[in-house]
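# Chain and residue survey
So you can see what is in the structure, the chains are spelled out below.
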Amino acid sequence: WLKQSNLRPAAFALAIVAAVRLAMACRTASPRSGDVVVATASPCDRVQARSADLEAVVSPTAGFGVSFSPTAREAAGAGAEPPAGTKPRRSQSLLSIAVLSRASFVARRGLKLAGAAFILIILVLALICWPRGLIDDPDLRPKLMSALFLVGLVLVVLEDHVGVNKAAVMLIVSASMWTFLAVGYHPHESTDGHEALEEELDHGLHDVGAIILFLLPAMGVVESIDHFGGFAVVTAAIARLA
């Protein structure tokens with residue numbers, strides 16, 4: 001199906017997803033030790049306070065919430081004067097932050113449910129072998145399998161933000177793809193279809209074995225570099241940029 005489908009849009013989409021993931025990683029990188037930035041009502045109210053004066057509470061249901069200690073409130077109030085003609089509205093700002101946090105949580109949950117539902121629907125349709133027109137269409141089959149692969153890849157790339165297990169996602173995606181491919185040969189209805197499916201499985205196992213034999217030493221090298229701190233330079237550079 002890789003050879004029959006056009007991979008340029010998929011590669012372009014993967015590049016966009018990787019760029020978004022890198023931007024999110026830079027935004028969520030930990031700040032320098034000692035100082036933190038206090039987000040208040042307006043840009044003019046942003047001051048630096050000691051990390052001991054800021055109490056950040058992360059809520060798994062509402063996104064996040066920030067509560068300030070009295071020292072941090074005093075520093076935030078005395079750090080900068082608001083522009084002429086404006087009045088600080090910290091309560092409205094905190095309400096806006098709460099609304100944005102809730103919207104972000106709903107978007108992440110919706111993406112997770114939509115991706116899982118799409119994968120499971122394709123798996124169920126393949127198991128019941130319905131509709132036959134969708135399964136037997138030689139032009140639509142590679143496109144649908146490419147869509148399955150892209151949905152699974154997006155969920156894996158955004159696993160930290162969506163909250164999914166990448167191993168479980170890829171297992172379900174692979175099961176859906178192989179089941180959808182297998183039912184297209186109708187092995188229980190014809191001997192030719194059974195033989196074609198066996199040949200396809202043998203070819204797939206050979207390819208998977210070659211990939212595993214390549215990945216095992218590559219993962220060993222990467223793990224050795226990480227064990228001796230070879231990626232510390234890249235991590236420090238990302239933290240400085242953030």
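Here is what the cut-offs are and how they apply
- Residues numbered from 1 in each chain as written.
- Predicted model: local features only at pLDDT ≥ 70, side-chain atom pairs only at ≥ 80, totals over all residues.
- Heavy atoms only, no water.
- Core = buried A, V, L, I, M, F, W, Y, C linked by side-chain atoms within 4.5 Å.
- Buried < 20%, exposed > 50% of the residue type's maximum accessible area, 1.4 Å probe, protein only.
- Helix = DSSP H or I, 4+ residues; strand = E, 2+ residues; numbered from the N terminus.
- Contact = heavy atoms within 4.5 Å.
- Salt bridge = Lys/Arg side-chain N within 4 Å of Asp/Glu carboxyl O.
- Patch = residues over 30% accessible without salt bridge, like charges linked within 9 Å, V, L, I, M, F, W, Y side chains within 5 Å.
- Areas by Shrake-Rupley, 256 points an atom, 1.4 Å probe, with all protein chains shown as cover.
- Lys, Arg positive; Asp, Glu negative; His and termini not counted.
- Charge placed at Lys NZ, Arg CZ, Asp CG, Glu CD.
- Axes fitted to C-alpha atoms, helices over the stretch in contact; angles between N-to-C directions.
- Parallel < 35°, antiparallel > 145°, perpendicular 65-115°, else oblique.
- Left-handed = near helix turned anticlockwise from the far one by under 90°.
- Nonpolar A, V, L, I, M, F, W, Y, C, P; charged D, E, K, R; others polar.

### Digging into the nonpolar core
One finds L155, V169 and F180 to be the most contacted residues of the largest nonpolar core, which totals 19 residues. Every element with two or more residues in this core is listed here: α3 (90-128), α5 (140-157) and α7 (166-183). For V169, the residues in contact, after removing those within four places along its chain, are G152, L155, V156 and V164.

### Description of the environment of M177
Within the secondary structure layout, M177 lies in helix α7. Between the C-alpha atom of M177 and that of A126, which follows or precedes it by 51 residues, the distance is 9.0 Å.

### Side note on unusual backbone geometry
With omega at -5°, the peptide bond leading from W130 into P131 counts as cis. Structurally, the position occupied by P131 is in the loop between α3 and α4 (132-136). Of note in this structure, C129 is not a glycine but carries a positive phi near 55°. Its location among the elements puts C129 in the loop between α3 and α4.

### With respect to the pattern of salt bridges
Per the stated rule, a full pass over the model turns up three salt bridges. In this structure, R132 and D136 form a salt bridge, with 3.7 Å as the shortest nitrogen-oxygen distance. Of this pair, R132 and D136 are both found in helix α4, four residues apart, which corresponds to roughly one turn of the helix. Across the pair K166 and E159 runs a salt bridge, and its minimum N-O distance is 3.8 Å. Since its relative accessible area comes to 43%, K166 is described here as partly exposed. Given a relative accessible area of 18%, E159 falls into the buried group.

### Section: a negative patch on the surface
Taken together, the side chains of D192, E195, E198, E199 and D202 define an acidic patch exposed on the protein surface. Along the chain, E199 turns up in helix α8 (residues 191-227). Judged by relative accessible area, E199 falls into the exposed class, the value being 59%.

### Some details on the packing of α3 against α7
Orientation of α3 relative to α7, taken along the N-to-C sense of each, is 30°, at an axis distance of 9 Å. In terms of orientation, α3 and α7 fall into the roughly parallel class. Crossing of α3 against α7: the hand is left-handed. Along the contact surface, α3 presents I119, L120, I122, L123, A126 and L127, while α7 presents I172, V173, A175, S176, T179, F180 and V183. Taken together, the residues of the contact of α3 with α7 sort by class into 11 nonpolar, two polar and no charged.

### With respect to the side chain of H186
Looking at where H186 falls in the secondary structure, it is placed in the loop between α7 and α8. When its relative accessible area of 13% is taken as the criterion, H186 is described as buried. Excluding its chain neighbours within four sequence positions, the residues that come into contact with H186 are C129, R132 and D136.

### Digging into the packing of α7 against α8
Relative orientation of the contacting elements α7 and α8 amounts to 150°, with a least axis distance of 10 Å. Considering the angle they form, α7 stands roughly antiparallel to α8. The interaxial crossing formed by α7 with α8 has right-handed handedness. Here W178, L181 and A182 of α7 come into contact with α8, specifically with L197, E200, L201 and G204. Here the contact of α7 with α8 is composed, by residue class, of five nonpolar, one polar and one charged.

### Quick look at a nonpolar patch on the surface
Among the surface-exposed residues, V124, L127, I128 and W130 lie close enough to one another that they form a single nonpolar patch of about 460 Å² accessible area. Here I128 lies in helix α3.

From the geometry alone we can't say anything about function, so treat these as descriptive.
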